[in-house]
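Residues per chain are reported as follows:
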Amino acid sequence: MVTGLALQAIGLAWIGFVTTPTGAYVHVVAPFVLSGIGMALYFAPVANVVLSSVKPEEEGQASGANNAIRELGGVFGVAVLASVFAHYGGYGSGQSFVDGMQPAIYVGAALVGLGAVASLGVARKRRPAEQEALEPVLEAAA
């Protein structure tokens, strides 16, 4: 999770840094790929963390809560970043668009970076059944 969020934050900041009104699309391909890899590395583990933190009979509720919070986060994230964009720029010209986009991208990168730091505190819990299944492997390795 930490690596995924860190890659996403770096990719977003990179996008903000290289974007210009006359810039070629090729300049943002690598940061978009980096951001995509970051999100791929984040979403699967976060679901695992959520589901491994509850009893098996509570997994449906945990999954639903996780999905609802993810959707709300997306809505509020778009609202906040759109407000930053509107404050600093607009759609009047290419330069105006970049003037609004860059601060919004940097705010998004900072928030994702904070998420990466916060995810350092997430401890991986193993369920008893998972631990029992790992015991033969751990004993063989010892």
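Criteria and thresholds
- Residues numbered from 1 in each chain as written.
- Predicted model: local features only at pLDDT ≥ 70, side-chain atom pairs only at ≥ 80, totals over all residues.
- Heavy atoms only, no water.
- Helix = DSSP H or I, 4+ residues; strand = E, 2+ residues; numbered from the N terminus.
- Expected span 1.5 Å × (residues − 1).
- Buried < 20%, exposed > 50% of the residue type's maximum accessible area, 1.4 Å probe, protein only.
- Contact = heavy atoms within 4.5 Å.
- Core = buried A, V, L, I, M, F, W, Y, C linked by side-chain atoms within 4.5 Å.
- Axes fitted to C-alpha atoms, helices over the stretch in contact; angles between N-to-C directions.
- Parallel < 35°, antiparallel > 145°, perpendicular 65-115°, else oblique.
- Left-handed = near helix turned anticlockwise from the far one by under 90°.
- Nonpolar A, V, L, I, M, F, W, Y, C, P; charged D, E, K, R; others polar.
- Phe/Tyr/Trp six-rings, centres within 6.5 Å; stacked < 30°, edge-to-face > 60°.
- Salt bridge = Lys/Arg side-chain N within 4 Å of Asp/Glu carboxyl O.

## Observations concerning helix 4 (residues 94–119)
Argument step 1. Along its 26 residues, helix 4 runs 37 Å from first to last C-alpha, staying within 8% of the 38 Å computed at 1.5 Å per residue.
Argument step 2. Those residues of helix 4 that sit buried are V98, G100, M101, A104, I105, G108, A109, V112, A116 and S119.
Argument step 3. Those residues of helix 4 that are buried are in contact with helix 1 (2–18) and helix 3 (59–88).

## Describing the nonpolar core
Within soluble globular proteins, side chains that are nonpolar generally end up buried alongside one another.
Argument step 1. Within the largest apolar cluster, 13 residues are counted, with the highest numbers of intra-cluster contacts made by L5, L12 and V112.
Argument step 2. Secondary-structure elements contributing two or more residues to this core are helix 1, helix 2 (26–52), helix 3 and helix 4.
Argument step 3. Broken down by element, the residue count for this core peaks at six residues, all from helix 4.
Argument step 4. When sequence neighbours within four positions are dropped, the list of residues in contact with L12 reads S35, I105, G108, A109 and V112.

## As for the packing of helix 1 against helix 4
Argument step 1. The N-to-C vectors of helix 1 and helix 4 enclose an angle of 165°; their axes lie 8 Å apart at closest approach. In terms of axis orientation, helix 1 runs roughly antiparallel to helix 4. Helix 4 is crossed by helix 1, and the crossing has left-handed handedness. On the side of helix 1, the interface is formed by V2, L5, A6, Q8, A9, L12, A13, I15, G16 and F17, while helix 4 contributes M101, Q102, I105, Y106, G108, A109, V112, G113, G115, A116 and S119.
Argument step 2. A class-by-class count of the residues in the contact of helix 1 with helix 4 yields 14 nonpolar, seven polar and no charged.

## Some thoughts on the packing of aromatic side chains
Argument step 1. Following the criterion strictly, the structure yields four aromatic pairs and no others.
Argument step 2. Their ring planes at 40° and their centres at 5.9 Å tell us that Y91 and F97 sit as a pair that is tilted.
Argument step 3. Given a relative accessible area of 71%, Y91 falls into the exposed group.
Argument step 4. Site record: aromatic cluster; members linked through ring pairs are F85, Y91 and F97.

## Topic: the pattern of salt bridges
If charged atoms from side chains of opposite charge come close, those side chains can pair.
Argument step 1. In this structure the tally under the stated criterion is one salt bridge.
Argument step 2. In this structure, the salt-bridge partner of R70 is E71, at a minimum N-O distance of 3.8 Å.
Argument step 3. On the basis of relative accessible area, R70 is assigned to the partly exposed category, the value being 39%.

## Some points on the packing of helix 1 against helix 2
Argument step 1. Across the interface, helix 1 lies against helix 2 with an axial gap of 7 Å and an inter-helix angle of 160°. On the basis of their axis angle, the class for helix 1 and helix 2 is roughly antiparallel. Crossing of helix 1 against helix 2: the hand is left-handed.
Argument step 2. Considering only residue class, the contact of helix 1 with helix 2 consists of 16 nonpolar, eight polar and no charged.

## Some details on the side chain of Q8
Argument step 1. Note on placement: Q8 falls in helix 1.
Argument step 2. Under the relative-accessibility criterion, Q8 is labelled buried at 11%.

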